[in-house]
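Observations on the model geometry
Okay, here's what each chain looks like letter by letter:
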There are 2 protein chains.
Amino acid sequence: MSAHQDFLAYVDKNADKFIQRLADAVKIKSISGDAGCRQETIDMGHWLQKQLDALGVTTVLRDLGQCPIQGQLLDLPPAILGRLGEDPKKKTVLIYGHYDVQPALKSDGWDTDPFELVRKDDQLFGRGSTDDKGPIMGWLNVLEAHRSQGLELPVNLRFCFEGMEESGSEGLDELIEKEVAEGEFFKGVDCVCISDNYWLNTRTPALTYGLRGIAYFGIHVSGPGQDLHSGLFGRMVHEPMTDLVKLMSKLVDHNGNILVPGIEDMVPLPDEHELKLYTKMDYSLADVAEAAGASIALSDQKETVLMGRMRNPSLSLHGIQGAFSEPGCKTVIPSKVSGKFSLRLVPPQTPELVIPLVTGYIQSEFAKLNSKNKMTVEYLHGGKPWVSDVNHWNFEAAKRAIETIWKKTPDYTREGGSIPVTLTFAEKLGVNVLLLPMGRADDGAHSTNEKLDISNFIEGTKVLGTYLYEVSALSGVA
Amino acid sequence: MSAHQDFLAYVDKNADKFIQRLADAVKIKSISGDAGCRQETIDMGHWLQKQLDALGVTTVLRDLGQCPIQGQLLDLPPAILGRLGEDPKKKTVLIYGHYDVQPALKSDGWDTDPFELVRKDDQLFGRGSTDDKGPIMGWLNVLEAHRSQGLELPVNLRFCFEGMEESGSEGLDELIEKEVAEGEFFKGVDCVCISDNYWLNTRTPALTYGLRGIAYFGIHVSGPGQDLHSGLFGRMVHEPMTDLVKLMSKLVDHNGNILVPGIEDMVPLPDEHELKLYTKMDYSLADVAEAAGASIALSDQKETVLMGRMRNPSLSLHGIQGAFSEPGCKTVIPSKVSGKFSLRLVPPQTPELVIPLVTGYIQSEFAKLNSKNKMTVEYLHGGKPWVSDVNHWNFEAAKRAIETIWKKTPDYTREGGSIPVTLTFAEKLGVNVLLLPMGRADDGAHSTNEKLDISNFIEGTKVLGTYLYEVSALSGVA
Ligand SMILES: [Zn+2]
Ligand SMILES: [Zn+2]
Ligand SMILES: [Zn+2]
Ligand SMILES: [Zn+2]
């Protein structure tokens, strides 16, 4: 079932109006990580609720309590829950988005005021344009196109918009857990759609079915009672830095292989079918060179590089706390140093499974050093990886929508990073979760001059609407 | 020839007066590293000149020009050169000291005002009490004891007191070079005596005959055009931190052995005679544990630990610049990191000799990594080691003075750190240089609550005077 032609025509005709609504949204400085912007972040929630109400959605604001920020205890921005349609013959799709944004100052290097949506050629510049106000406005566009023309939506919709995503999604997991209960907002949801990531490149739409998890560790080595002078103590004592650097050097090899025994073995090798996925992806070594700013890919095989990011675990050394880290030449023997590193995890790895392997390995390597220093391994935080079933009708619907609107087959991608709410929805609701990105790889979500291409906004709106029709068609109930 | 009894008696009788002069000196905030104290540092030079003049020394102030400090171009504190005695039948002893001090604030953790000399029990607390105003005052005490009693000094004296030692001895090397010429202050000097270091412990006087040199390096590894996110790029690219940590881990082993080929081999093993020196030293593992604040000595053999500091080279890893070094958990792949390390050198090692070994080794280790990152090794600064001849009459005179006054045989020590002026005097004057410490190991020269024991000040004054008599006797010309 293809989307109603009146829907698609309305989107084209009202592009300027849609852009204006996005501009109104960008104007509101909903920086969740800035205490001084907390009221505006809450205002943004109210603005969004009003928009939804005007489009016929039944909404409630869920108070998430208070949270300390920059030394103040402030009210959290509310979560907005919405309901539209109760037809038991239709599928129910839950839409997630976040209305808060990353900090931005013109002086960070923006060409224009980050909180004024500026149109240049075919692009819209402004904080939140692509992350994540653009996608939320996309859904509002879909609703407006139907409501104003009296068109019936092919599915029931549920909405979950939060205002703390950029600051740890405070309170959201508990809320989702509660709303799954009988009579609550998320009861009866058949699938979830999240638009909060990006295409793999600037050319080809993507569907994302996996996210890596993470396990972040600190190795703490201490010995002397205070920092020592290397002239007086060099070669008299066990130096914590010597031990720490030795341990850190044993974690990952120069090809990116994780040296902690048991970690690599947990991950099954790709079969032919999976390998083909990476071969088919619209991606080249030039793309990684451009994104990284240098030709430093670990392999000359595009498939190996893509699998390195998407389906293999990784281990990165982030730095050392407590050692000399300034410019200049200090002749210090630091007394207490902490090495920071993290693993990105893929199924079936979980923090619970890797913590004992990592801790045990580092302890056994430290024992070999016969050092009189003290060493502890600390697990600092983490999260599980997530992989979805791409053969589910939820993904198939999105694929068809993309093929219809973009005339291209999407890349099936997995992200190297994490979007924790994805896992929460998958686990708490027990339904298929789809990541359906609206923006491109070069949108600069968290950096200066964040942008959204107008085509991504407008065609993206059509994809979202068409996806709903395909869900309805594929799930065979409408 | 033992010291004149009237000299020794005068010192005992005038202890309080001497302490008062030290208090006057401590009061003047001659912090050479603080632009706001530059005038007071210069004032300190004038105060000292006046003291010397009053004691019959012919002095000149040598203008050392200007130097930038904390963004200002300021006059350097003057060097004070002094001359007392021209008897061709006497030996000529050159005395060095510095009248500037380290910074100090009560709020750093001092129990009392650092610039008020406070007497508690048998100790004198105050900035500069031991480093290096106490020893300079010791020489003034010797002069006063002779002049006020009409006693003839057994040697000719030359003085070189500077006000920039704690800030790199700006301009001093050039001055020394000039003053060696015919008709200048240091012409005809027979030996040098420097009191600017400390006993090995709190019990036994020491004579110091060696200092280690240093060669300080940076390893710079860069790759990505900007910092990357480990979720997006982990296992896609060569990470500079992975390479750097590998290289740093190859420099020194957990027993303190330097792994750069050729470095250890340069240093001859100690013979039996030298080994005995370390066995005889009044030092125990408890001393190193107390100084380091923990039982982390590299060996249970006192000799090995002492040789590690005094006669063997060492390599310390100081830290990494450019990586994540804050508290918390940042998931960054740093784009550009610099590892800092230094070697302490002993004869016959020099920076010139070790630079190619270190650089070549790191380059060959980096080549093994097959990394697409860029790596350079930079030699940042350094200085040669110094070892003196302990059988010279200069040392023998000091030994006899110590035995006479302290009734103890001194420890013959080598310092792990460097006092660059020592090497300059040795090389430019071509005479024996003696380090004759006045203070104890626990004086806290550069830390809070710096102190000098009254006995070290008063008996130390006697040692300085007696040393002059012994020089005269031993060198067989008076
Ligand atoms: Zn986002
Ligand atoms: Zn974001
Ligand atoms: Zn000093
Ligand atoms: Zn000093």
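Residues numbered from 1 in each chain as written. Chains lettered and ligands numbered in written order. Predicted model: local features only at pLDDT ≥ 70, side-chain atom pairs only at ≥ 80, totals over all residues. Heavy atoms only, no water.

**What to know about the interface of chain B and chain A**
- Taken together, the contact between chain B and chain A spans 83 residues of the former and 83 residues of the latter.
- Here chain B meets chain A over a buried area of about 6,400 Å², counting both sides, of which 56% is carbon and sulfur.
- By the criterion of area lost to chain A, the three top residues of chain B are Arg235, Met236 and Ile296 of chain B, representing 14% of everything that side buries.
- Counting the contacts that link chain B with chain A gives 4 salt bridges.
- The partner of Asp300 of chain A in a salt bridge is Lys372 of chain B, and the shortest N-O contact between them spans 3.3 Å.
- Remark: the boundary between chain B and chain A carries 48 residue pairs in polar contact (both at pLDDT 80 or more).
- No other element matches the 8 residues that strand E13 (residues 314-321) of chain B contributes to the side of chain B that touches chain A. (Contact = heavy atoms within 4.5 Å. Buried area = accessible area lost by both parts, 1.4 Å probe. Salt bridge = Lys/Arg side-chain N within 4 Å of Asp/Glu carboxyl O. Polar contact = N/O pair within 3.5 Å; in protein donor to acceptor, adjacent residues only side chain to side chain. Helix = DSSP H or I, 4+ residues; strand = E, 2+ residues; numbered from the N terminus.)

**Observations regarding unusual backbone geometry**
- The residue after Asp131 of chain B, namely Asp132 of chain B, is reached through a cis peptide bond having omega 5 degrees.
- Turning to its location among the elements, Asp132 of chain B is positioned in the loop between strand E7 (123-125) and helix H4 (133-147).
- Omega for the peptide link from Pro347 of chain B to Pro348 of chain B comes to 5 degrees, which places this bond in the cis form.
- One can find Pro348 of chain B in the loop between strand E15 (336-345) and helix H11 (351-368).
- With a phi angle near 60 degrees, Lys407 of chain A is a residue other than glycine that sits in the positive phi range.
- With respect to the secondary-structure elements, Lys407 of chain A resides in the loop between helix H12 (393-406) and strand E18 (411-415).

**As for the environment of Pro224 of chain A**
- In this fold, Pro224 of chain A is placed in the loop between strand E11 (213-222) and strand E12 (228-229).
- Between the alpha carbons of Pro224 of chain A and Ser364 of chain A there is a distance of 22 Å; along the sequence they are 140 residues apart.
- Excluding residues that lie within four positions of it along the chain, Pro224 of chain A makes contacts with Pro240, Ser335 and Asn373 of chain A together with Ala292, Ala294 and Ile296 of chain B.

**Some points on the UniProt feature "binding site: Mn(2+) 2" (unreviewed entry) in chain A**
Residue and element names in this part refer to chain A.
- Per the UniProt annotation, the sites labelled "binding site: Mn(2+) 2" (unreviewed entry) are His98, Asp131 and Asp196. Across 99 residues in sequence, these annotated residues keep their C-alpha atoms within 8.3 Å of one another, forming a single compact spot.
- Other than its neighbours up to four places away in sequence, His98 contacts Asp131, Asp132, Lys133, Ile136, Glu162, Glu165, Glu166 and Asp196.
- At 3.0 Å, the side chain of His98 and the backbone oxygen of Asp100 are in polar contact.
- Among the residues examined, Asp131 registers a relative accessible area of 3% and is labelled buried.
- Apart from the residues lying within four places of it in its own chain, the contact partners of Asp131 are His98, Asp100, Val101, Glu166, Asp196, Tyr198, Ala445, His446 and Glu450. (UniProt positions renumbered as here; feature names shortened; annotations may be inferred. Buried < 20%, exposed > 50% of the residue type's maximum accessible area, 1.4 Å probe, protein only.)

**Describing the relation of the copies chain B and chain A**
- Once chain B has been moved 0.1 Å along the axis and rotated by 180 degrees, it coincides with chain A to within an RMSD of 0.1 Å. In symmetry terms, the pair is related by a two-fold rotation axis.
- Mapped onto chain A, 100% of the interface residues of chain B are again interface residues, and the two copies thus contact each other with one and the same surface. (Least-squares fit on C-alpha atoms with pLDDT ≥ 70 in both.)

**What about the domain arrangement of chain A?**
Residue and element names in this part refer to chain A.
- Domain annotation for chain A reports domain 1 (5-211 + 385-475) and domain 2 (214-267 + 312-383).
- In this assembly, 6 residues from domain 1 lie in contact with 7 residues from domain 2.
- Note on domain 1 versus domain 2: buried area summed over both sides is about 440 Å², and carbon and sulfur give 61% of it.
- At the junction of domain 1 with domain 2, the criterion picks out 0 salt bridges.
- Across the domain 1-domain 2 interface, the total number found is 0 residue pairs in polar contact (both at pLDDT 80 or more).
- Looking at the side of domain 1 that touches domain 2, its residues break down into 2 nonpolar, 3 polar and 1 charged. (Domains from an automatic or database assignment. Nonpolar A, V, L, I, M, F, W, Y, C, P; charged D, E, K, R; others polar.)

**Brief notes about the coordination of the zinc ion (ligand 3)**
All names here are of chain B.
- Those protein atoms acting as donors to the zinc ion (ligand 3) are His98 (NE2), Asp131 (OD), Asp196 (OD) and Asp196 (OD), and they sit at 2.0 to 2.7 Å.
- Coordination geometry of the zinc ion (ligand 3): the 4 donor atoms subtend angles of 53 to 146 degrees at the metal centre, consistent with an arrangement described as irregular.
- Site description for the zinc ion (ligand 3): donor spacing in sequence, H-x32-D-x64-D.
- Between the zinc ion (ligand 3) and the zinc ion (ligand 4) the interatomic distance amounts to 3.1 Å, and Asp131 serves as a bridging ligand to the pair. One end of the pair, His98, is in strand E5 (residues 92-98); the other, Asp196, is in the loop between strand E9 (191-194) and strand E10 (206-211), with 98 residues separating them in the sequence. (Donors = N, O, S within 2.8 Å, 3.2 Å for Na, K, Ca; no water. Tetrahedral: all angles 85-135°; square planar, octahedral: opposite > 155°, others 65-115°.)

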